Amino acid sequence: MPAAPAPLRKLGFLTIGLFDPEAPAAGHESTLQVIQLGERLGFDSAWLRHRHLQFGISSPVAVMAAASQRTSRIELGTAVTPLGWENPLRLAEDLATVDLLAGGRINPGVSVGEPMTFDTVRHELYPDSADVEDFSHARAERFARLVSGEPVREFSGKQGVVEEFSNRVEPHSPGLRERLWYGAASKKSAIWAGSHGFNLLSSSVVFPEPGEEPDFARIQQAQIRAYRDAAAAAGQPPGRTRVSQGLVVIPTDSATPTQREKYQRYVDERTPRTAAPQGPRRMLFARDLIGTGEQIAGQLYAHAGFQEVEEVAFALPFSFDHDDYVQILTDIATKLGPALGWSPAAAG
């Protein structure tokens, strides 16, 4: 096995929170139970994907609020919330509220850009302003300013007998701004995140630079290094900027033969898309990693992107059953994590 660059410091997982549209409550309950299991197993963080008009979590803020009342230690994050669907001021209010309820455990991850399939929903999402909405990085900058407590307006103070107004987003949660993350898949976005004080979420998708060799791991490594260079140039203290990698890993140490067969079939169906760049932007997908914890650890140690990080948020496969997630999370915490030098967190 290749030598590890450094022991893994933080271990997290990412879930889509899949549910049956005929019984959505059961799927949301399953997600909450998975987060509770993660805390018991010693995971440092649990992250929620954000899906709109699909059969996955559409309101991670609400799910994090519920999870915060069932847990006491594990950090809760989004990976990622697409800001094109959000009003930054209202999102800042909601996240600050949940962060206070959670005792400062919320890690909001965001991205920008035009909402997915925007033409099909623009008439409902922005009926009067779709043509002038700004989906650029400026939207994330505004969101960050609002979270940090910068003034929203000049008006504040008491009005009448009981109404009292603030000139910033309330409630304000100190420390939340330092826990904002940006989901970057290109070098340009990674550099922007570093220069604007966001932590970096690097996942299983990257966009190569023009003429860049289509090697996923090397491209991810280059993006992470560009992020750190930009953060340093902007005067960000080294300990202030965090980088997390999120690949799909499926340890099979305690899986049943039926589970192993299902997992391998899932990986086999997804592997062809990793063979070559996809679409006009030459998008590259990372290969899903399957095998025993020791086997996956060996692949990660040899992965140029993984060599750059000290924390991860391994992505759970989209379409598995609750029992499968229990097995996978248990094997990550008891087999894969220790093979990467990680130690479980103490109970809260």
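Residues numbered from 1 in each chain as written. Predicted model: local features only at pLDDT ≥ 70, side-chain atom pairs only at ≥ 80, totals over all residues. Heavy atoms only, no water.

Caption draft 1: Region of the structure containing the overall build of the protein chain. On a plain count of helices and strands, the protein chain comes out with 10 helices and 16 strands. Against the compact-globule benchmark of 20 Å for 348 residues, the protein chain has a radius of gyration of 20 Å, which places it among compact chains. On the principal axes, the C-alpha backbone points of the protein chain span a range of 70 × 45 × 45 Å. The buried share of the protein chain, reckoned over its 348 residues, is 52%. Contacts in the protein chain between residues far apart in sequence, at least 24 positions, make up 73% of those at least 6 positions apart. Carbon and sulfur atoms make up 52% of the accessible area of the protein chain, which amounts to about 15,800 Å² in all. Side chains of the protein chain give 34 positive and 42 negative charges; the mean places of these two sets differ by 4 Å. (Helix = DSSP H or I, 4+ residues; strand = E, 2+ residues; numbered from the N terminus. Rg over C-alpha atoms; globule rule 2.2 N^0.38 Å. Buried < 20%, exposed > 50% of the residue type's maximum accessible area, 1.4 Å probe, protein only. Contact = heavy atoms within 4.5 Å. Areas by Shrake-Rupley, 256 points an atom, 1.4 Å probe, with all protein chains shown as cover. Lys, Arg positive; Asp, Glu negative; His and termini not counted. Charge placed at Lys NZ, Arg CZ, Asp CG, Glu CD.)

Caption draft 2: A look at the layout of surface pockets. There is about 1,600 Å³ of room inside the largest pocket. Surrounding the largest pocket, 50 residues form its lining, Arg51, Val80, Ser111, Met116 and Val205 being those nearest its centre. When contributions to the lining of the largest pocket are tallied by element, the ones reaching two or more residues are strand E9 (181-183), helix H6 (187-195), strand E10 (199-202), strand E12 (243-245), helix H8 (257-270) and strand E16 (311-315). Per-class residue counts for the lining of the largest pocket are 25 nonpolar, 18 polar and 7 charged. Lining the second largest pocket are 19 residues; nearest its centre among them are Thr274, Ala286, Arg287, Asp288 and Leu289. Mapped by element, the contributors of at least two residues to the lining of the second largest pocket are H8, strand E14 (284-285) and strand E15 (289-291). For the lining of the second largest pocket, the residue count by class is 11 nonpolar, 5 polar and 3 charged. (1 Å grid on protein atoms, 1.4 Å probe; cavity = no way out; pocket = protein on both sides within 12 Å on 5 of 7 lines; lining within 4 Å. Points joined across faces, edges and corners; volume = space filled by probe spheres on them. Nonpolar A, V, L, I, M, F, W, Y, C, P; charged D, E, K, R; others polar.)

Caption draft 3: How the structure looks around empty space enclosed by the protein. Applying the stated rule across the entire model yields 1 cavity of 30 Å³ or more. The computed volume of the largest cavity comes to approximately 40 Å³. Every residue lining the largest cavity is listed: Ala92, Ala96, Leu146, Val147, Val169, Pro171, His172, Ser173 and Leu176. If you list the elements that add at least two residues to the lining of the largest cavity, you get helix H3 (88-101) and helix H5 (137-148).

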